[in-house]
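This is what each chain is made of:
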Amino acid sequence: MLAPGIPVTTSKNDVDYVVTEHGVAKLRGKTVRERTQELIRLLTLNLENN
């Protein structure tokens, strides 16, 4: 078990989806540029809802 506050990292190749209360970014099989655009899309949705 990890102690509170210990950072946990994941390789970009291990992340297929990023899920937030504003939507889902599907990242599997995408280039770095496409992954970035998906994450920016989620950020934009967040900013539009606030």
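That block above? That's the structure.
Residues numbered from 1 in each chain as written. Predicted model: local features only at pLDDT ≥ 70, side-chain atom pairs only at ≥ 80, totals over all residues. Heavy atoms only, no water.

Some details on the overall build of the chain
When helices and strands are tallied, the chain shows one helix and two strands. Along the chain, from the amino end to the carboxyl end, the secondary structure elements read β-β-α. The C-alpha radius of gyration computed for the chain amounts to 13 Å, which surpasses the reference 10 Å derived for 50 residues by more than 25%, pointing to a less compact arrangement than a globule. In terms of its C-alpha atoms, the chain occupies a principal-axis envelope of roughly 35 × 30 × 15 Å. By the burial criterion, 10% of the 50 residues in the chain qualify as buried. Taking the intrachain contacts of the chain between residues at least 6 apart in sequence as the baseline, contacts between residues at least 24 apart amount to 8%. Of the roughly 4400 Å² that the chain leaves accessible, carbon and sulfur atoms contribute 56%. (Helix = DSSP H or I, 4+ residues; strand = E, 2+ residues; numbered from the N terminus. Rg over C-alpha atoms; globule rule 2.2 N^0.38 Å. Buried < 20%, exposed > 50% of the residue type's maximum accessible area, 1.4 Å probe, protein only. Contact = heavy atoms within 4.5 Å. Areas by Shrake-Rupley, 256 points an atom, 1.4 Å probe, with all protein chains shown as cover.)

Looking at the pairing of strand β2 (residues 23-26)
When strand β1 (residues 17-20) meets β2, the two strands line up antiparallel, connected through four bridges. Bridge pairing links V19 to V24 in β2. (Pairing = 2+ DSSP bridges.)

Some thoughts on a nonpolar patch on the surface
A grouping of L2, I6 and V8 is seen on the molecular surface, where their side chains present a nonpolar patch of about 310 Å² in accessible area. Structurally, the position occupied by I6 is in the segment before β1. (Patch = residues over 30% accessible without salt bridge, like charges linked within 9 Å, V, L, I, M, F, W, Y side chains within 5 Å. Salt bridge = Lys/Arg side-chain N within 4 Å of Asp/Glu carboxyl O.)

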